[in-house]
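Working through the structure, step by step
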Amino acid sequence: MNEIICPNCKTAFKVDEAGFADILKQVRDREFEKDLEKRLALAEKEKASAVELAKANIKNALQDELAQKDKELTELKAQSDTMLAEKLAQKEIEISEMESRIKHAQNEKENAIKLAEATVRNALQDEVNEKEKQLEALKAQMQHAQMQKKIELTEATRAIEKERDDLIHALEIKETEKELLEKSIKEKFTNQLVVKDQTIRMKEDEIERLRDFKQKLSTKMVGETLEQHCEFEFNKLRATGFQNAYFEKDNDATGGTKGDYIYRETDEEGNEIISIMFEMKNENDET
């Protein structure tokens, strides 16, 4: 589409390629006719001026010559009729030749005018042809520019669409990753909650078992649990820190006293260097 601005109201309106070409043709034909009419009028005016000038010059020349001839005729009136007739015949010949020259001059003038008109027409036609060539070149440039713009627009659109598709694909990947991450987190926390619930149930079961175990223990059994614990802890360290000692239940009552546990340690030669008797006392929450 081409935009045209009205020279009077300055209003812009758009026309298609066919309408634009038609307007250009009308303007070109109208301008050509106006220019041709102007040049023809000028040539006609010059022709009329030249004819009038030629007529005036011929008329003046004839008047001068006629005056001269009248003078000569007046002078020759006194001469014989024969000489007058000869002179009149000669003058008629001269007048005829003069008229022939005038007619020839008029013909030459008309031919010159026609030649000028033809030259003007040819010059105008050449100028019109040149303008048409320039117009065709401009139209070709406009078409090339429009085609180039369409190509650039297509490439830009293709690049934008590719970028859009890439973004959509990346967004879909992100959404998938997000869903997988959410699912993984949910599964992880679900598993953790399951493990935690299981652990809590196990702890609760253990607590319940221990509570039930403690309730069922007798006073003697409560003490024995402490003895077993202490013996177990001692035996874990015996191999590294107490190689020449032992920690066992005291079953010897020969001295009149008997404890729950006895600790004895000897030197490298077997001599006892320390002996400790332990009384093991433990308590229950409810006893």
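In this text, all values refer to a predicted model and were calculated from it rather than measured experimentally.

Cut-offs applied
Residues numbered from 1 in each chain as written. Predicted model: local features only at pLDDT ≥ 70, side-chain atom pairs only at ≥ 80, totals over all residues. Heavy atoms only, no water. Salt bridge = Lys/Arg side-chain N within 4 Å of Asp/Glu carboxyl O. Helix = DSSP H or I, 4+ residues; strand = E, 2+ residues; numbered from the N terminus. Buried < 20%, exposed > 50% of the residue type's maximum accessible area, 1.4 Å probe, protein only. Phe/Tyr/Trp six-rings, centres within 6.5 Å; stacked < 30°, edge-to-face > 60°. Core = buried A, V, L, I, M, F, W, Y, C linked by side-chain atoms within 4.5 Å. Contact = heavy atoms within 4.5 Å.

A full pass over the atoms with the stated rule returns five salt bridges. One salt bridge connects Lys91 with Glu94, and the closest N-O pair in it is separated by 3.4 Å. Highlighted residues: Lys91 and Glu94, both in helix α2 (residues 81-216), separated by three residues, approximately one helical turn. Look at Glu94 and you get partly exposed, because its relative accessible area is 27%. In this structure, Arg264 engages Glu272 in a salt bridge whose closest nitrogen and oxygen atoms are separated by 3.3 Å. What makes Arg264 partly exposed here is its relative accessible area of 26%.

Turning our attention to the packing of aromatic side chains. In the structure shown here, the tally under the stated rule is six aromatic pairs. With a centroid separation of 6.3 Å and an interplanar angle of 90°, the aromatic rings of Phe242 and Tyr263 are classed as edge-to-face. Here Tyr263 lies in strand β4 (residues 261-266) and Phe242 lies in the loop between α3 (219-241) and β3 (245-249), a separation of 21 residues in the sequence. Look at Phe242 and you get partly exposed, because its relative accessible area is 29%. Look at Tyr263 and you get buried, because its relative accessible area is 8%. Connected via pairs of aromatic rings, a cluster forms that spans Phe234, Phe242, Phe247, Tyr261, Tyr263 and Phe278.

This part takes up the nonpolar core. Within the largest apolar cluster, six residues are counted, these being Phe234, Ala245, Phe247, Tyr261, Tyr263 and Met280. Looking at this core, the elements with two or more residues in it are β3 and β4. Here Ala245 is in contact with Phe234, Arg238, Tyr263, Arg264 and Glu265, once residues within four sequence places are set aside.

These values are about where atoms sit, not about what they do.
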